Every structure is written in structure tokens, then in C-alpha cells.
Amino acid sequence: MKQSGRTSFVSDVHLGLQVCDPAGRERRFADFLRALPEDTEALYLLGDIWDFWYEYRDVVPKGYVRVFSALQDLMDRGVKVFFFEGTHDIWTYSYFEELGISPELYILGMCRFVPEKNLHHLIEAYVAYKKRHPESKIRLVLAGDADFEDDYSRRLKKMAKENGVVLTGFVRGEKLQSLLTHASCYVLPSSHEGLPIALLEAMSYDLPVVVSDIPANLEIGLPLDSYFHVGEIQQLADKIEKLLEECTNYRIQYDMSKYQWEHIANQVCEVYKLLEAK
């Protein structure tokens, strides 16, 4: 009976992440590929290998030559290479063209259009930023809408359109993933929240965030520079400006372990055990 060869699985290399020695990361990954045993039959690339590039239609992106060469060598040896999308790999060109925005050149606000989300404060802060940097190509994108149209949502949309803000309406699926993947940062200026799910979702995409200093947001435990005093529009504009000056495609790897379902389920089980003991 013929023995099957080896199969290798790789994910989350993030070659496009410009932190922690990206050139060294590429070299190490290429060395890994070249060191795969001779009896390797298949290699599965399970997403988030490159980040932000692979759907270019007409050009080959510069960079990653070592990795491309190593993969070609594997295929020349007869190794089957399979590629799967990751959350950081998606790039929906037609959608961005439709919205009139460019990847890594927009601030993202994502929530319902209700007064307590303070999206009008975000628009005012964006206007202040644009006055300081009239040459900037940075746009503000508000993803969401009102469940039921009311005076506030109508005023907010009017204010947005008057100030060049992009309104996407409710989005989900691939379009939402694309918006989260390619944003420069995420901003949540709420006056009150429960557990800010939209903030956690943005963090899961490694986005830099700027959020109000309300108790629910403080409980997330972000760096102090990520917070501004709720309602302080000038401070919010300053935070956005500082973040964008650093880099428009900067990414942060947050510790999301306490928000994993397994961890939450274990906590719930502990509560039941305590109740049962009583």
C-alpha cells in the first residue's frame, strides 16, 4: 500500500502588516516554504497570508518575490497549493469605486443612526480635521442607518451629505468585511453603550480605534491614547489627526481572548455552578 505524503497548513502570516520586521517575516516564511520535506503533497494557505493585495486584476504587486518564488518551486515539484480567503484578504474593488473611497484612506464609523451614538460629533470632528488638512484625501464613511427614520437620522444624513461624508446604509457580509479590512481607523463617539459589539468587531480586524471614555468603552481596556472625553469634539479631532499622522494602514493586534465564545461559555458555566452550590 502506497503511503501518502505530507500536507502542511499555514495561516495568518500577514506579510502586508508593516510592523515587527516585515522584511524578516517574509524571509522566514520563504525559508519555511523551501524547507518543506520532499514528500510534501499539498500546502493549504488558510487566509491572511499577504493582506490587502491579491485581487489586483491587471498588475502583479511589488514585493514578496521570495515567497512567490518559493511557492513556484513547490508547484514545480508537484506540490498542490490551495489558497483560501481570510478576513484581511478581501478587496472589493467595485464596491469601493461605487462609494468613491480608496483603501486605507477613510475613517470608519459603524453603528445605528441614533442620538446616543453621537455620529454628529464624529462629523464635526472630521470637518475640523479637514479644515486643518484641506489637501488630505481621507474620507469619513458611516456604515449603518436608522431602524426607523426619524428627525435625528434625517438631520444626520443631511449633515453628512453637506460635508462630503460617505453613507453606505446597512452593510453586511463581504462588503462589511471589506470596509473593516481597509479602514484607516474606527471611531465610536457614543454617550452610552452596553457591550460595544461594533468596537469589538473593529478590534478583531486589528484596526486602530478612537472611542469615547464612557464606562462600557473603558472596560475594554484600550491604551489611554485611544480614548477621548465624551462630547469633546476638538479632542476627538486631535486624536484622529494624531492617529492618521502616524500611518493610515497601521494595525494593532489586540488580546481578544476574553471575548472568545469558549471563554464566555466557561464563565457562564461557573455562574451556574455557584448557583447550584447554593
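Residues numbered from 1 in each chain as written. Predicted model: local features only at pLDDT ≥ 70, side-chain atom pairs only at ≥ 80, totals over all residues. Heavy atoms only, no water.

Chemist: Mind showing me how you'd approach the overall build of the protein chain here?
Modeler: In terms of helices and strands, the protein chain carries 10 helices and nine strands. When each of the 278 residues of the protein chain is scored for burial, the buried share is 46%. Counted over contacts in the protein chain with a minimum sequence separation of 6, partners at least 24 positions apart contribute 74%. (Helix = DSSP H or I, 4+ residues; strand = E, 2+ residues; numbered from the N terminus. Buried < 20%, exposed > 50% of the residue type's maximum accessible area, 1.4 Å probe, protein only. Contact = heavy atoms within 4.5 Å.)

Chemist: What exactly am I supposed to notice about helix 7 (residues 197-204) here?
Modeler: Residues that lie three or four places apart on an α-helix share one face, since the helix turns once every 3.6 residues. Considered for burial, the residues of helix 7 that qualify are L199, L200, A202 and M203. Take helix 7 and look down its axis: the buried residues cluster within an arc of 160°, on one side only. Tucked into the core, helix 7 has its buried residues touching helix 6 (173-182), strand 7 (185-188), strand 8 (209-212) and helix 8 (215-218). Downstream of helix 7 by a residue or two, D206 has a phi angle that is positive, lying close to 65°. (Arc of directions from axis to C-beta.)

Chemist: Is there a simple way to explain the sheet that holds strand 9 (residues 227-228) in this structure?
Modeler: Pairing between sheet strands relies on hydrogen bonds along the backbone, with the strands arranged either parallel or antiparallel. On the basis of which strands lie adjacent, the open sheet formed by six strands has the order 6-5-4-7-8-9 and parallel pairing. The outermost strands of the open sheet, each flanked by one partner alone, are strand 6 (166-169) and strand 9. Here three bridges tie strand 5 (residues 139-143) to strand 6, and the two strands are oriented parallel to one another. When the sheet's bridge partners are listed, V141 is paired in strand 6 with V166. Strands strand 4 (106-110), strand 5 and strand 6 of the sheet are contacted by helix 6, whose axis makes an angle of about 130° with strand 4. (Pairing = 2+ DSSP bridges. Axes fitted to C-alpha atoms, helices over the stretch in contact; angles between N-to-C directions.)

Chemist: Is there a simple way to explain the pattern of salt bridges in this structure?
Modeler: One pass over the structure, following the stated rule, counts 12 salt bridges. The shortest N-O distance in the salt bridge between D39 and R6 comes to 3.0 Å. Highlighted residues: D39 in the loop between helix 1 (22-34) and strand 2 (40-45) and R6 in strand 1 (residues 6-10), separated in sequence by 33 residues. A salt bridge links K157 to E149; the nearest nitrogen and oxygen atoms lie 3.1 Å apart. (Salt bridge = Lys/Arg side-chain N within 4 Å of Asp/Glu carboxyl O.)

Chemist: How should the sheet that holds strand 2 be read in this particular structure?
Modeler: Taken in spatial order, the three strands make up an open sheet running 1-2-3, and their pairing is parallel. Both outer strands of the open sheet, strand 1 and strand 3 (80-83), are each paired with one neighbouring strand and no more. Sheet twist, expressed as the average angle between the axes of neighbouring strands with direction ignored, equals 15°. The sheet contact formed by strand 1 and strand 2 spans five bridges and is parallel. The residue of strand 2 that forms the bridge with V10 is L45.

Chemist: For this particular structure, what's the right way to read the packing of aromatic side chains?
Modeler: Here the distance between the centres and the angle between the planes together describe a pair of aromatic rings. One pass over the structure, following the stated rule, counts three aromatic pairs. Seen in terms of ring centroids, F29 and F32 are 6.3 Å apart; in terms of plane orientation they differ by 15°. Their pairing is stacked. Pair noted here: F29 and F32 are both in helix 1, with a separation of three residues, about one helical turn. A relative accessible area of 6% means that F29 is categorised as buried. Look at F32 and you get partly exposed, because its relative accessible area is 35%. (Phe/Tyr/Trp six-rings, centres within 6.5 Å; stacked < 30°, edge-to-face > 60°.)

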